[in-house]
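Chain by chain, the residues:
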Amino acid sequence: MTALVILPGLDGTATLHARFVACLGDVLGSVTVLHYPPHKALDYAALELLARAALPGNVPFVLLGESFSGPIPLSIAADPPANLVGLVLSTTFARTPLPLFSPLAPLTRFAPVRALPPALLSWWLLGRWATPALNASLERALLEVHPAVLRQRAALAMQADVSALLERVTLPVLYLRATGDRLIMPGAAELILSAIKHATVRDIGGPHLLLQACPSAAARAVRDFVEGLQSARLR
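Overview of the structure. (Residues numbered from 1 in each chain as written. Predicted model: local features only at pLDDT ≥ 70, side-chain atom pairs only at ≥ 80, totals over all residues. Heavy atoms only, no water.)

Examining helix α3 (residues 71-78)
Here comes step 1: Counted residue by residue, α3 has 8 buried out of 8 residues, so it is predominantly covered.
Here comes step 2: Buried within α3 we find P71, I72, P73, L74, S75, I76, A77 and A78.
Here comes step 3: Looking at the buried residues of α3, the elements they touch are β1 (3-7), α2 (44-54), β3 (61-66), β4 (84-90) and α7 (186-195). (Buried < 20%, exposed > 50% of the residue type's maximum accessible area, 1.4 Å probe, protein only. Helix = DSSP H or I, 4+ residues; strand = E, 2+ residues; numbered from the N terminus. Contact = heavy atoms within 4.5 Å.)

Considerations on the layout of surface pockets
Here comes step 1: Quantified by volume, the second largest pocket comes out at close to 160 Å³.
Here comes step 2: Surrounding the second largest pocket, 14 residues form its lining, L16, R19, L134, S137 and Q212 being those nearest its centre.
Here comes step 3: Broken down by secondary-structure element, the contributors of at least two residues to the lining of the second largest pocket are α1 (18-23), α5 (132-143) and α8 (210-213).
Here comes step 4: The element best represented in the lining of the second largest pocket is α5, accounting for 4 residues.
Here comes step 5: Of the residues that constitute the lining of the second largest pocket, the class distribution is 9 nonpolar, 4 polar and 1 charged. (1 Å grid on protein atoms, 1.4 Å probe; cavity = no way out; pocket = protein on both sides within 12 Å on 5 of 7 lines; lining within 4 Å. Points joined across faces, edges and corners; volume = space filled by probe spheres on them. Nonpolar A, V, L, I, M, F, W, Y, C, P; charged D, E, K, R; others polar.)

Quick notes on the sheet that holds β3
Here comes step 1: If you trace the 6 strands from one edge of the open sheet to the other, you get β2-β1-β3-β4-β5-β6, paired in parallel fashion. Two strands bound the open sheet, and with one partner strand each, they are β2 (30-33) and β6 (200-204). On average, each strand axis in the sheet is tilted by 20° relative to the strand beside it, whichever way the strands run.
Here comes step 2: In this sheet, β6 lies alongside strand β5 (residues 173-178) in parallel orientation, the contact comprising 5 bridges. Across the sheet, the residue bridging to A178 is I204, located in β6. (Pairing = 2+ DSSP bridges. Axes fitted to C-alpha atoms, helices over the stretch in contact; angles between N-to-C directions.)

Remarks on the packing of aromatic side chains
Here comes step 1: Per the stated rule, a full pass over the model turns up 1 aromatic pair.
Here comes step 2: With a centroid separation of 5.0 Å and an interplanar angle of 20°, the aromatic rings of Y44 and F68 are classed as stacked. One end of the pair, Y44, is in helix α2; the other, F68, is in the loop between β3 and α3, and 24 residues separate them in sequence. The exposure classification of Y44 matches that of F68, with both residues buried. (Phe/Tyr/Trp six-rings, centres within 6.5 Å; stacked < 30°, edge-to-face > 60°.)

Things to note about the pattern of salt bridges
Here comes step 1: Tallied over the full model, the rule gives 5 salt bridges.
Here comes step 2: With a closest N to O distance of 3.7 Å, R95 and D161 form a salt bridge. Of this pair, R95 sits in the loop between β4 and α4 (118-125) while D161 sits in the loop between α6 (147-159) and β5, and the two are 66 residues apart along the sequence.
Here comes step 3: Overall, the relative accessible area of 46% leaves D161 in the partly exposed class.
Here comes step 4: Here D203 and R177 are joined by a salt bridge, their closest N and O atoms 2.6 Å apart. (Salt bridge = Lys/Arg side-chain N within 4 Å of Asp/Glu carboxyl O.)

In structure tokens:
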């Protein structure tokens, strides 16, 4: 069966995906959520090396990149291991979603990440899909990560650009686009879809934290994608 490897969002804690994983059912042979070091600042190249080292070596697998992590699976898919059979991108980007703020990236080292009001984060990342349980989970995840690491990851996202690699991605690609995303604008998906002509998109009513707020709908889209890949291999 096909395995799934999830590269998480900016927190990198791998603590926010339990409901999504539970909704995937038995279509996938295994599901692994990669955990990024919470107290060590790593750039995208170093995170890619970490991800490649954790990939399955002997079974077909799909790589899912969420939010901050998007540039990593895109870079891996541009030079893929032989058993990578597909790519899922959830509310993410190939080029920074905030290009006007790129010159300000160095200033993130002064950002008071612990002082951001939880209500603002909830509005931005969860919107009307927020619940007390989701808000609490998000707050706990962010508290697990050193503030300097959160600042560095924010700076990386503000400067990211792997768009030149997109034309080298020949694997099947599914983009999960949240219609209520207040962080990633539609142009981020359009850039990927225009460069990877065979990529497909699934629009889901939900916020930026789509896998957390709408796990059933997101899991259904991933299951459909994986089942299509498995059917194609049997033909």
